[in-house]
Amino acid sequence: MTTINPFVFPGLRSRVVFGHGTIAQTGAEIERLGRKRALVLSTPNQVADAERLADQLGDLSAGFYSGATMHTPLEVTEGLLASLPRDGFDCVVALGGGSTIGLGKAIATRTGADQVVIPTTYAGSEMTDILGETAGGEKVTRRDPSILPETVIYDVDLTLTLPPSLTVTSGLNAMAHAAEALYARDRNPIITLMATDALRSLSGALPVLAKNAGDREARAGALYGAWLCGAALGGASMALHHKLCHTLGGSFNTPHAETHAILLPHTIGFNAAAVPDLLVPVTKTLGGTPGVALFDFAASLDAPAKLKDFGLSEGDLDRAAEIAAKNPYWNPRPFDRESIRALLQDAWEGRRPPQ
Ligand code: NAD
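Definitions and cut-offs
- Residues numbered from 1 in each chain as written.
- Predicted model: local features only at pLDDT ≥ 70, side-chain atom pairs only at ≥ 80, totals over all residues.
- Heavy atoms only, no water.
- Near = heavy atom within 4 Å.
- Polar contact = N/O pair within 3.5 Å; in protein donor to acceptor, adjacent residues only side chain to side chain.
- Areas by Shrake-Rupley, 256 points an atom, 1.4 Å probe, with all protein chains shown as cover.
- Helix = DSSP H or I, 4+ residues; strand = E, 2+ residues; numbered from the N terminus.
- Domains from an automatic or database assignment.
- Buried area = accessible area lost by both parts, 1.4 Å probe.
- Salt bridge = Lys/Arg side-chain N within 4 Å of Asp/Glu carboxyl O.
- Nonpolar A, V, L, I, M, F, W, Y, C, P; charged D, E, K, R; others polar.
- Phe/Tyr/Trp six-rings, centres within 6.5 Å; stacked < 30°, edge-to-face > 60°.
- Buried < 20%, exposed > 50% of the residue type's maximum accessible area, 1.4 Å probe, protein only.
- Lys NZ or Arg CZ within 6 Å of the ring centre and 35° of its normal.
- Pairing = 2+ DSSP bridges.
- Axes fitted to C-alpha atoms, helices over the stretch in contact; angles between N-to-C directions.
- Contact = heavy atoms within 4.5 Å.

Next up on the list: the site of the ligand. In the neighbourhood of the ligand, 22 residues make up the surrounding shell, with T43, S99, T120, T121 and T128 lying closest. A distance of 2.7 Å separates a nitrogen atom of the ligand from a polar atom in the side chain of T120. For the ligand, a nitrogen atom lies 3.4 Å from a polar atom in the backbone of L162. Taking 860 Å² as the accessible area of the ligand by itself, protein coverage stands at 86%. Among the elements that make up the shell around the ligand, the one with the highest residue count is helix α4 (residues 98-111) (3 residues).

In many analyses, interface size is given as the accessible surface area lost on bringing the parts together. You can read the domains of the protein chain as domain 1 (15-159) and domain 2 (164-349). Domain 1 and domain 2 are separated by 26 Å when their C-alpha centres are compared. When domain 1 packs against domain 2, close to 1,900 Å² is buried across both sides, 64% of that on carbon and sulfur atoms. Inspection of the region where domain 1 meets domain 2 yields 1 salt bridge. Taken together, the elements giving at least two residues each to the side of domain 1 that touches domain 2 come down to β1 (15-19), β7 (138-143) and β8 (151-155). It is β7 that provides the largest number of residues to the side of domain 1 that touches domain 2, a total of 3 residues. For the side of domain 1 that touches domain 2, a count of residues per class yields 9 nonpolar, 8 polar and 4 charged.

A few words now on the packing of aromatic side chains. Enumeration according to the criterion identifies 3 aromatic pairs in this entry. Aromatic side chains F18 and Y154 sit 6.0 Å apart centroid to centroid with 45 degrees between the ring planes, which places their arrangement in the tilted category. Of the two residues, F18 is situated in strand β1 and Y154 in strand β8; the sequence distance between them amounts to 136 residues. On the basis of relative accessible area, F18 is assigned to the partly exposed category, the value being 34%. Its relative accessible area of 0% is what places Y154 among the buried residues. Measuring from ring centre to ring centre gives 5.3 Å for Y329 and F335, while their planes differ by 40 degrees; the resulting arrangement is tilted. The lysine or arginine in question, K243, covers the ring of Y329, its NZ or CZ lying 5.6 Å from the ring centre. Taking NZ or CZ as reference, R333 lies 3.9 Å from the ring centre of F270, over its face.

Our next topic: helix α11 (residues 290-300). Here α11 lies mainly inside the structure; 8 of its 11 residues are buried. Those residues of α11 that fall on the buried side of the exposure criterion are P290, G291, V292, A293, L294, F295, F297 and A298. Two residues or fewer after α11 comes D302, characterised by a positive phi angle close to 65 degrees.

Attention now moves to the sheet that holds β1. To summarise the sheet geometry, strands pair through backbone hydrogen bonds and adopt either a parallel or an antiparallel arrangement. The strand order across the open sheet built from 6 strands is β1-β8-β5-β4-β2-β3, with neighbouring strands paired in parallel fashion. Only two strands of the sheet have a single neighbouring strand rather than two, namely β1 and β3 (61-65). Going across the sheet, the axis of each strand differs from the next one's by a mean of 15 degrees, ignoring polarity. In terms of strand pairing, strand β4 (residues 91-96) meets strand β5 (residues 114-119) through 6 bridges, oriented parallel. What sits directly across from G96, in β5, is P119. Set on the sheet, helix α2 (residues 47-57) makes contact with β2 (38-41), β3, β4 and β5; between it and β3 the angle comes to about 175 degrees.

What follows is about the environment of G88. Mapped onto the elements of the fold, G88 is located in the loop between α3 (74-82) and β4. In this structure G88 comes out as buried when scored by relative accessible area, which is 16%. The residues touching G88, leaving out its near neighbours within four places in the chain, are R37 and A62.

Shown next as structure tokens:
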């Protein structure tokens, strides 16, 4: 018999539309929210898609802006807001990955605009009430109900263009949310179910996509898994893995998805020593022990494995360990500066974790 411990399930609060070609439903979803003027957002890379969507929205469109930037710099948000009339839009449509979704959240929380998000990576930001913004080289993260998008439209077709390398690293980024949700202090049975199915779905889809990025069925499996991972990220508190990635991204500007992909086997391997039972869904899905299984899985996808390939020096590792150990936070296994430094060394060299 399973033991059910007391828990709180905060609920799933965003409306989700999932399928192929669902971008065509954007106008109907904006109207469903009672909104009339939608500003479409993207990065420069996806400007053609944003322009097409704005055209498609017709009278519902308040135009498009394609200057979304990684880590949501404050000057981009403030510059955009200063250039728009106050009553020019009542809704933002973020079409893209976490960078574009971050800009949409930053605008929504400042203006009260609703958000319709159309995610095109597996990063998961669309399902969280978390916003990280950078100013003066520092990233500050906060949570607020006004940050959570009202509606999320998953269109599998839009992920077909995700480059193969980003497909793999973004998929591993998503799996990191599921893995940490499994041992979260505030986990609950629903989040555990979602995280478990997310691992199953992504571990099936990513090997197919690593060989054929255009496989539509695998794309659907990966995006479905990414939704579940995003829900796990939004519904449970993350620990060492996410904090370390935040430190490296925020203080050393390492790329988001790659940093997650490289650190994942090491952080989960480290924590597996304390909570092997809670990580059983990882071992059931991938076999072996959690850290080794994740390392071998990432290697089989040709994912980047060494932090040293992303501009970090060994000296940086000392400072990163210092920063990561300085602000204490909950983790299933106690750690100190030395244990973090050793973990970072393994990730820097791309060494197979011990467990
Ligand atoms: P990204 O949004 O920066 O996208 C990377 C590049 O890929 C961009 O140029 C983008 O235009 C392009 N791209 C995205 N989808 C594409 C597609 N389908 N086809 C072709 N090109 C495509 O990358 P990301 O990893 O999704 O997001 C990283 C950012 O998101 C970071 O700033 C991170 O902090 C943030 N994030 C926030 C949360 C949260 O809950 N607040 C969660 C996850 C990530």
